[in-house]
Amino acid sequence: MPIADGFERRLRPLLEEIVAVYGTPFHLYDARGIIDTHRAMAAAFAGVPYRQHFAVKALPNPAVLSLLLAEGSGLDCASPVELELARSVGAGGDDVVFTSNNTTPQEYELALKTGALITFDDRSLLDRADTLPETVAFRVSPHGLSAGSRLMGDAKATKFGVPVPELADAYREARRRGVTRFGIHGMTCANELDVDRAARAAVDVIELGARIAEDVGITLDYINVGGGLGIPYRPEDRPFDFTAYADAIVAARRRCFPRSTPRILMECGRYVTGPHGVLVTRVVNRCSKGQEIVGVDASMSALMRPGFYGAYHHVSLPFAAGRPESRYDVVGSLCENMDKFAIDRSLPDPRVGDIALVHDTGAHGHAMGFTYNGRLRPAELLLTPDGDVVEIRRAERFEDYVATVRTQPVPVLSAAARPAARTARATGEQE
Ligand SMILES: Cc1ncc(COP(=O)(O)O)c(C=O)c1O
């Protein structure tokens, strides 16, 4: 969407100066916007035991994670590296929910040591674990619930979660093995903007949790309704009605759990930081190849979503107002035809040197970046609530690109130590 009013008001007077002193490209995040969104979410759940755990995968920058922790947010981690990152910013114990899938016993052991609230994505991991945490939650498979967001894919072919018919047995098994506290996790939306669908998905999990708790005879400590709330990427999209969403969850919790009081947990990423980031680039090229092409100095390696799954990100030229509009493809420099930020988009006559903004890059943006073609990931800057602009991650350089290369090859298998190889060498045969 066009940048939120507040962000635009804060950014615009600084933009040319930042670009002049710092160069392009870079992602820039608006701390004020992130804090305000987090606070508005908490306010919508006022009076209810609730905690939002920011999905680290959306924006794994320690500065942003610290900002959110200071606001009372927890963190949602999905891998050992994310757990390590959470620890490095001071998140411990149940500040962290660990919601991973296809998890190895080693990864699980690591999570167990941190004291995180662990979600089991399937029975097999529970069966293989020697030690179980005090609290066990299972993720519910979206198949059979009101799933359906396009990005979630086909619910019948999902790799996530425990199928509903197997859920009660999974809890029984955990209880048999001494577990005394329980949670349930369900996430059946992805970038969902329709509040009725999102609320239906969360209410499904709450209702299912109540049925399972009654059936198995356990009490649920918490219900984690996951993330997946949408943001208005397109100018015509309407913002997600978070208050209506929270109201639906609170009402369902009251109705389904008249005697017990499970906490409501969430693990949103995109909704919290997505609209509060922009990718700042410069136009470096204009040409005509059947269609009009505008080349910018960032590429898909800085923001994969448009090329990877055709996601819409608004593009604007903040200092080109009044020029005649025409239609353009906005492209990066990867040797991949999908490296396009926008296709056939109306823009005011872009000129080489213009600043171009790709909007809504505050979640799953830099985080999904990569280094193909040696087009390295750009820097991340933060606009602080005091109006300072600070670098919170520098741009990658050649040294980073080759940091994992062994200039002296490190032995893995020694041919000399293998009898077959020794014989082959002695007889001159090829191995
Ligand atoms: C288990 C889980 N939780 C939370 C999230 C965060 O999703 P979003 O950023 O769309 O809220 C994801 C996204 O992949 C996820 O898989």
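Residues numbered from 1 in each chain as written. Predicted model: local features only at pLDDT ≥ 70, side-chain atom pairs only at ≥ 80, totals over all residues.

Student: Which parts of the structure should I look at to understand the overall build of the chain?
Tutor: Within the chain, the secondary structure is distributed over 13 helices and 17 strands. For 431 residues, the compact-globule formula gives about 22 Å, and the C-alpha radius of gyration of the chain, at 25 Å, lands near that figure. Split into buried and exposed, the 431 residues of the chain put 42% on the buried side. When contacts within the chain are restricted to residue pairs at least 6 apart in sequence, long-range pairs at least 24 apart make up 69% of them. (Helix = DSSP H or I, 4+ residues; strand = E, 2+ residues; numbered from the N terminus. Rg over C-alpha atoms; globule rule 2.2 N^0.38 Å. Buried ≥ 20, exposed ≤ 12 C-beta atoms within 10 Å, placed from the backbone. Contact = placed C-beta atoms within 7 Å.)

Student: What's the story with helix α4 (residues 80-88) in this structure? I'm lost.
Tutor: Quick reminder: α-helices carry 3.6 residues per turn. Residues three or four places apart thus point the same way. All of the buried residues along α4 are Glu82, Leu83 and Ala86. One side of α4 carries all its buried residues, which in axial view fall inside an arc of 105°. Residues of α4 that are exposed and point more than 90 degrees away from the buried face comprise Val81, Glu84 and Ser88. Just downstream of α4, Gly90 is the residue with a positive phi angle, here 90°. (Arc of directions from axis to C-beta.)

Student: What exactly am I supposed to notice about the domain arrangement of the chain here?
Tutor: A common way to express how large an interface is: the accessible area buried when the components associate. If you check the domain split of the chain, you get domain 1 (31-273) and domain 2 (275-396). Inter-centroid distance (C-alpha atoms) of domain 1 to domain 2 is 32 Å. Where the side of domain 1 that touches domain 2 is concerned, the elements lending two or more residues are α2 (31-44) and α10 (270-273). Of the residues forming the side of domain 1 that touches domain 2, the biggest block, 5 residues, is contributed by α2. The residue inventory of the side of domain 1 that touches domain 2, partitioned by class, reads 10 nonpolar, 4 polar and 4 charged. (Domains from an automatic or database assignment. Nonpolar A, V, L, I, M, F, W, Y, C, P; charged D, E, K, R; others polar.)

Student: Help me out: how do you make sense of the site of the ligand in this one?
Tutor: Around the ligand, 17 residues are found, and the nearest of them are Ala55, Gly227, Glu267, Gly269 and Arg270. A breakdown of the residues in the shell around the ligand according to their chemical character gives 8 nonpolar, 6 polar and 3 charged. (Near = placed C-beta within 6 Å.)

Student: Got a minute to help me understand the pairing of strand β17 (residues 389-393) in this structure?
Tutor: It is a general feature of regular strands that their side chains alternate between the two faces of the sheet. Note that strand β16 (residues 379-383) and β17 share 4 bridges and pair antiparallel. Looking across to β17, one finds that Leu382 is bridged to Val390. The antiparallel hairpin formed by β16 and β17 contains 5 residues in its connecting segment, where Gly387 sits at a positive phi of about 95°. (Pairing = 2+ DSSP bridges.)

Student: Help me out: how do you make sense of the nonpolar core in this one?
Tutor: Taken as a class, soluble globular proteins show a tendency for nonpolar side chains to be buried jointly. Ranked by internal contacts, the top residues of the largest apolar core, which has 101 residues, are Val96, Phe98, Ala116, Phe138, Ala202, Ile206 and Ile249. Sorting elements by how many residues they give to this core places helix α8 (residues 195-216) first, with 11 residues. Shared between two domains, this core takes at least three residues from each, and those domains are domain 1 (31-273) and domain 2 (275-396). In this structure, Phe138 is in contact with Phe120, Val162, Leu167, Ala170, Tyr171, Ile184 and His185, ignoring residues within four places of it in sequence. (Core = buried A, V, L, I, M, F, W, Y, C linked by C-beta atoms within 7 Å.)

Student: Teacher, can you tell me more about the pairing of strand β7 (residues 181-185) here?
Tutor: When you tally the buried positions in β7, you get 4 out of 5 residues, the bulk of the element. Examined bridge by bridge, strand β6 (residues 135-139) and β7 share 5 bridges and lie parallel to one another. Each residue of the ladder has a partner; that of Arg139, found in β7, is His185. In the sheet, β7 pairs with strand β8 (residues 220-224) via 4 bridges, with the strands oriented parallel. Among the inter-strand pairings, Gly183 is bridged to a residue of β8, identified as Tyr222.

Student: Just to check I follow, could you spell out the sheet that holds strand β5 (residues 117-120) for this structure?
Tutor: For sheets, the rule is that strands pair by backbone hydrogen bonds, running either parallel or antiparallel. Overall, parallel pairing links the 8 strands, which are arranged β2-β3-β4-β5-β6-β7-β8-β9 in a closed barrel. In this sheet, neighbouring strand axes are inclined to one another by 25° on average, regardless of whether the strands run parallel or antiparallel. Examined bridge by bridge, strand β2 (residues 50-55) and strand β9 (residues 263-266) share 3 bridges and lie parallel to one another. Residue pairing in the sheet places Gln52 in a bridge with Met266 of β9. Against the sheet, α4 contacts β3 (74-77) and β4 (96-99), and its axis sits at roughly 160° relative to β3. (Axes fitted to C-alpha atoms, helices over the stretch in contact; angles between N-to-C directions.)

Student: Can you walk me through α2 in this structure?
Tutor: Between its first and last C-alpha, α2 extends 20 Å over 14 residues, near the 20 Å set by a 1.5 Å rise per residue. Where α2 is concerned, the buried positions are Ala31, Gly33, Ile34, Thr37, His38 and Met41. (Expected span 1.5 Å × (residues − 1).)

Student: I keep staring at the environment of Gln52 and nothing clicks. Help me out?
Tutor: Within the secondary structure layout, Gln52 lies in strand β2. Using a count of 25 C-beta atoms within 10 Å as the deciding quantity, one classes Gln52 as buried. Setting aside chain neighbours within four positions, we find Gln52 in contact with His38, Met41, Ser73, Met266 and Cys268.

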